[in-house]
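Examining the three-dimensional arrangement
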Amino acid sequence: SDWDLWQELLPEGPESASTEDLAAALELVKGQPFAGVKKRTYAWAERDKQDMISAIGDVAHELARRALLAGNATLARQAAAAGLQADPGAELLWRDALRAEWFAGDLAGLNSTADRLIDLASKLGDDLEPETDELLDELLSRTNLRAGTR
């Protein structure tokens, strides 16, 4: 199964894995685990599902972090997007996505990502985490500064 392949790629967790293995693991992600199956039929797998979602988020964040450190905004975008497929409400991954857009210099992408995040939080009736609010304020104020200098 894809989960068996995942575990073969990451036997000691994301911090110990190579960047290539992290990317290969995320290529296996096609959405949220057990999506599209009857909850009753797979009720026994709820804990496994949550473990998988958590693992996907950890790998996506680690790969995005490494990609940004290496100056690879494209890979950081891909990592954050893969993680958000599995856990759309993971603000850590949203912050990775925002940073990737900023690093890429894609101001429209940054604004679009910020809008999608704010819309999601509104739909869920949740406040954003303080770290997310601070990052949004910082990046969007820089965006306004950049736009004003053109």
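See the structure shown above.
A brief look at the structure comes next.

Bringing the packing of helix α3 (residues 46-69) against helix α5 (residues 91-104) into the picture now. Packing of α3 against α5 leaves a shortest axis separation of 10 Å and a crossing angle of 25°. The angle between the axes of α3 and α5 places the two elements in the roughly parallel class. Once α3 is placed against α5, the crossing between them reads as left-handed. Seen from α3, the contacting residues are Gly57, Ala60, His61, Ala64 and Leu68; seen from α5, they are Leu92, Leu93, Asp96, Arg99, Ala100 and Phe103. Classifying every residue of the contact of α3 with α5 by side-chain character gives 7 nonpolar, 2 polar and 2 charged.

The next thing to look at is the side chain of Arg95. Topologically, Arg95 is positioned in helix α5. What makes Arg95 buried here is its relative accessible area of 9%. Within the structure, Arg95 has its side chain in polar contact with the side chain of Glu129 (distance 2.9 Å). Residue contacts for Arg95: discarding those within four places in its chain leaves Glu129, Glu131, Thr132 and Leu135.

Procedures and definitions
Residues numbered from 1 in each chain as written. Predicted model: local features only at pLDDT ≥ 70, side-chain atom pairs only at ≥ 80, totals over all residues. Heavy atoms only, no water. Axes fitted to C-alpha atoms, helices over the stretch in contact; angles between N-to-C directions. Helix = DSSP H or I, 4+ residues; strand = E, 2+ residues; numbered from the N terminus. Parallel < 35°, antiparallel > 145°, perpendicular 65-115°, else oblique. Left-handed = near helix turned anticlockwise from the far one by under 90°. Contact = heavy atoms within 4.5 Å. Nonpolar A, V, L, I, M, F, W, Y, C, P; charged D, E, K, R; others polar. Buried < 20%, exposed > 50% of the residue type's maximum accessible area, 1.4 Å probe, protein only. Polar contact = N/O pair within 3.5 Å; in protein donor to acceptor, adjacent residues only side chain to side chain.

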